[in-house]
Amino acid sequence: MKRRSFVKKTVLSSFAAIIGTELIFGANMMEGYTPLALQEPNPFKLFSKNKEMLVLNDKPWNIEAQAHLLDDKVTPNSSMFIRNNGKIPEEINPETWTLTIDGEAVKNKKTYTLADLKSTFKQHTYQLTLECGGNGRSEFDPPAKGNQWTIGAVHCASWTGIRLRDILEDAGIKSNAVYIGYHAVDAHLSGDPSKEPISRGCPMSKALQDETILAFQMNGEAIPLAHGYPLRLIAGGWPASVSGKWLNRISIRDKVHDGTKMMGTAYRVPKNPVAPGEKVKDEDMGIIESMPVKSLITYPKTGATLKENQPLEIRGHAWAGELEVEKMEYSIDFGATWTTCLVEKPANRLAWQHFSASINFPKKGYYEIWAKAIDSNNIAQPMLLPGWNPKGYLNNACHRIAIKVV
Ligand SMILES: Nc1nc2c(c(=O)[nH]1)N[C@H]1C(S)=C(S)[C@@H](COP(=O)(O)O)O[C@H]1N2
Ligand SMILES: [Mo]
């Protein structure tokens, strides 16, 4: 029997990116056949994630970390949460990938290949904290719809790319520019090609910052597919929804970008405090910009047991959106008294900061360690929940772990 090579070239090229190795005998695959490794759920350990990662949803894929998995100073791929609004694209060819800069406020609409971007503009590497606006949603009452993130929708990886400012200036920014909006190739869950799963952006002031980059590498390697291969916007310190994955177009807008998930209650919170469960009018909601101050104890893991008369070394990370973390404190008495931790300076602006402390417990028994970060505007994390909002965003309550001294 004569076999014919029916498999699409694009399937073959995306295969290596997704699975990380070559597809042997690919030429023998039948027409229309999708290799198991490209079907979902992916049998190769779910995007190379740690097996302790928690799958919140597989249509679309939403996976979160646990605090102890985030112990590394720079988050490895294996512990990075994945948040998708649509389908992860499967057929990506970096050779033919392009990025277009357009919009009402661009001087010259321009299209660049990936090779253009890499060779024309200076490359920069930054560690950048990305936290999903909905991280911590699971604690709000009345509950908010959406993925019930607990504490694991945050990461701080090292990203390499070019400054968004350099490419926007290359195309030319008109004086009426207000906002940028991104567009990407991921498909809407409905399959309707006229719909985008998400298309967000940021004001020009954020777009033009040094650390706002178009990245093509993460932690020194090509960006993993689930995190936006081959090109991704990174806007550290803002809700991670601004950091568009699989980018192929950026529009320089003469008004606030009005793409999918920019309007209504999406990534917006009440401008003034509201009672839990209260209906809020659209005009009383404001777009989330810089994320609030927050921290995580990444060592030890909650539930740790230790011997009496033995100090416990705790450590973790703290971040504060566009600001720096000025001070970090812990409490072992439910917030009655607080002790200062050691806090390191960030590796660069918008990178999370590492803290540590050595704790002595007075006697055997059950304790909770609460961690509280304070930002450079002297704003502290709330001990328990911050203000309720309709979509359950911005829960920056103190992280707490349980300890037994025996
Ligand atoms: N194209 C595209 N970009 C996207 C999204 C998406 O669904 N599609 N999700 C956004 C949201 S809501 C978050 S929190 C981050 C998650 O990034 P990660 O999956 O790399 O952790 O990507 C953002 N960028
Ligand atoms: Mo998000």
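The sections below set out a description of the structure shown in this document. (Residues numbered from 1 in each chain as written. Chains lettered and ligands numbered in written order. Predicted model: local features only at pLDDT ≥ 70, side-chain atom pairs only at ≥ 80, totals over all residues. Heavy atoms only, no water.)

## Brief notes about the packing of aromatic side chains
Note the threshold: When two rings of Phe, Tyr or Trp (its six-membered ring) have centres within 6.5 Å they constitute a pair, described as stacked for plane angles under 30 degrees, edge-to-face for angles over 60, and tilted for the intermediate range. The buried label goes to any residue with under 20% of its type's maximum accessible area, the exposed label to any with over 50%, and the partly exposed label to all in between, with areas taken from a 1.4 Å probe on protein chains only. To qualify as a helix, a DSSP run of H or I must reach at least 4 residues; to qualify as a strand, a run of E must reach at least 2; elements of each kind are numbered from the N terminus.
Tallied over the entire structure, the rule returns seven aromatic pairs. Taking 6.0 Å as the distance between ring centres and 65 degrees as the angle between the ring planes, the aromatic pair formed by Y112 and F121 counts as edge-to-face. Assessed through its relative accessible area of 6%, Y112 is described here as buried. Note on Y267 and Y393: the rings are 5.3 Å apart at their centroids and 25 degrees apart in plane angle, and the pair reads as stacked. Remark: Y393 occurs in the loop between β23 (365-375) and β24 (399-405) and Y267 occurs in the loop between β13 (247-253) and β14 (268-270); sequence separation between them is 126 residues. Accessibility expressed as a relative area gives 5% for Y267, which makes it buried.

## Considering the site of ligand 1
The cut-off we apply is this: To be near a molecule or strand, a residue needs just one of its heavy atoms within 4 Å of it. Polar contacts, as used here, are pairs of N or O atoms within 3.5 Å; protein pairs need one atom able to donate a hydrogen and one able to accept it. Residues neighboring in sequence count only if both atoms are side-chain atoms. Areas reported as accessible are Shrake-Rupley estimates using a 1.4 Å probe. Residue values count occlusion only from the protein chains shown. Note that Gly is not counted as nonpolar here; it falls among the polar residues with everything else outside the nonpolar set of Ala, Val, Leu, Ile, Met, Phe, Trp, Tyr, Cys and Pro and the charged set of Asp, Glu, Lys and Arg.
Neighbouring ligand 1 are 20 residues, the closest being F81, D186, H227, R232 and K245. In the environment of ligand 1, an oxygen atom lies 2.7 Å from a nitrogen or oxygen atom belonging to the backbone of N85. S243 places a polar main-chain atom, nitrogen or oxygen, 3.0 Å from a nitrogen atom of ligand 1. Within the complex, 100% of the 530 Å² of free accessible area of ligand 1 lies under protein. Within the residue set of the shell around ligand 1, elements represented by two or more residues are β3 (82-83) and β8 (179-184). Of the residues belonging to the shell around ligand 1, the class tally is nine nonpolar, seven polar and four charged.

## Some thoughts on helix α4 (residues 164-171)
Under the convention used in this document: What the arc measures is the spread of directions leading from the helix axis to the C-beta atoms.
Along α4, the positions that sit buried rather than exposed are L164, I167, L168 and A171. One face of α4 carries all of its buried residues, which in axial projection span an arc of 100 degrees. At the C-terminal side of α4, G172 shows a positive phi close to 100 degrees.

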